[in-house]
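Structural description and commentary
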Amino acid sequence: MARKRVTVLGGGVIGLSIAWRAAQAGFAVAVRDRGSAHAGSWVAGGMLAPVSEAWPGDEAVLALGLESIRLWPGFARELGVRLNTAGTLLTAVDAADAAVLDQHAAHLAAHGLEFQVLGAAGLREREPGLGPSVRSGLSIPGDLAVSARTLLAALRTACAEAGVRFTGAAESEVDGSTTVIAAGAWSAELHPALRDVIHPVKGEILSLLARPGALEAPERTIRAQVRGRAVYLVPNETRSGLLVGATQYEAGFDPTVRVRGVLDLLTDAEEVWPALTEYALAETSVGFRAGSRDNTPLIDWLEPGVLAATGHHRNGVLLAPVTARRVVELLGEAA
């Protein structure tokens, strides 16, 4: 009997994870991708942070994120990619920033999530390179991180080994017995039902590399509030560099890096980690997250033969394992 065919539109972390798991489940899978340099997966910070990202009103996203992070150790092990398991520090600079973290801590406590409140001394015991103005914070031991670009390469290899075909970049055709739309911010172009649901959210991210003699990057991911602005610093696998991000704008598909965006990121990141002024600015990038109406991804049938797996916003990398599992379940139910 011929295997049921599945075409995945989108070759980012979500699309490749779906393709890999579907091929493992016995489907004949093809992936079509436009290969944009601004795809969210390519410029993602790689934070797997359902607890750090937990905020009132996003309970559905939190539940999905907690489910997915439980899958991540096995998912990473199968792919042969390394996870940073050192955890995350949430930090504050002034009293208003500290109040934001107090609200966050209250929300985490209400949901029984693990965290620890830290003062300045406790923060510097964990990360001595923190700047002098960092005054308080939270330690989130259960959040993880992964190199998004390493993950993409590993997924592509795993897909090829599982028999997935890569067939080019048809941007708008729905083809195959079953089509899975997993094209991130571009998904809205691929089906009328997504046109008013999915939209691009622009973000800028910087890649910094430590020059000789500079202090190495922190061991943990640091997510900071700096006088009302959010910035994150994610160390690379060897602690020889940092990803610094990320701005967030409703600006359509504008691919330009704004000087103001870079200046704000570097100014805030320097206050958190002063040593980065001795780093090299290796890359500036713009990526487009797939925003949805309520920040919750859409993982469901749009019509017979057409599935959507999009709208993951800031959590595409985190939610890849659980999204792939759910899509394969839906495919199996329809087979």
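Residues numbered from 1 in each chain as written. Predicted model: local features only at pLDDT ≥ 70, side-chain atom pairs only at ≥ 80, totals over all residues. Heavy atoms only, no water.

**Examining the overall build of the protein chain**
- Of the regular secondary structure elements, the protein chain holds 7 helices and 16 strands.
- Since a compact globule built from 335 residues should have a radius of gyration of about 20 Å, the 20 Å found for the protein chain is in line with a globular shape.
- Relative to its full complement of 335 residues, the protein chain shows a buried share of 53%.
- By sequence separation, contacts in the protein chain at least 24 residues apart represent 76% of the contacts at least 6 residues apart.
- Here the protein chain displays about 14100 Å² of accessible surface, and carbon together with sulfur accounts for 52% of that area.
- Each charge sign in the protein chain was given a centre, from 30 positive and 36 negative side chains, and these centres are 3 Å apart. (Helix = DSSP H or I, 4+ residues; strand = E, 2+ residues; numbered from the N terminus. Rg over C-alpha atoms; globule rule 2.2 N^0.38 Å. Buried < 20%, exposed > 50% of the residue type's maximum accessible area, 1.4 Å probe, protein only. Contact = heavy atoms within 4.5 Å. Areas by Shrake-Rupley, 256 points an atom, 1.4 Å probe, with all protein chains shown as cover. Lys, Arg positive; Asp, Glu negative; His and termini not counted. Charge placed at Lys NZ, Arg CZ, Asp CG, Glu CD.)

**Remarks on the nonpolar core**
- Counting 48 residues, the largest nonpolar core has Val8, Ile18, Val29, Leu48, Trp72, Leu79 and Leu151 as its most contacted members.
- Put simply, the parts of the chain that give this core at least two residues each are β1 (5-9), α1 (13-24), β2 (28-32), α2 (59-79), α5 (148-161), β16 (306-310) and α7 (320-334).
- The leading source of residues in this core is α1, at 8 residues. (Core = buried A, V, L, I, M, F, W, Y, C linked by side-chain atoms within 4.5 Å.)

**A closer look at the sheet that holds strand β10 (residues 199-210)**
- The 8 strands are arranged β5-β6-β4-β11-β12-β13-β10-β14 in an open sheet whose pairing can be described as mixed. At either end of the open sheet lies a strand with only one pairing partner, and these are β5 (116-119) and β14 (279-291). Across this sheet, the average inter-strand angle for adjacent strands is 20°, counted without regard to direction.
- Bridge count for strand β12 (residues 229-235) against strand β13 (residues 241-245) is 4 bridges, and the pairing is antiparallel. Within β13, the residue paired with Val234 across the bridge is Leu243.
- Seen against the sheet, helix α3 (residues 95-110) touches β4 (88-92), β6 (136-140) and β11 (221-226) and runs at an angle of roughly 30° to β6. (Pairing = 2+ DSSP bridges. Axes fitted to C-alpha atoms, helices over the stretch in contact; angles between N-to-C directions.)

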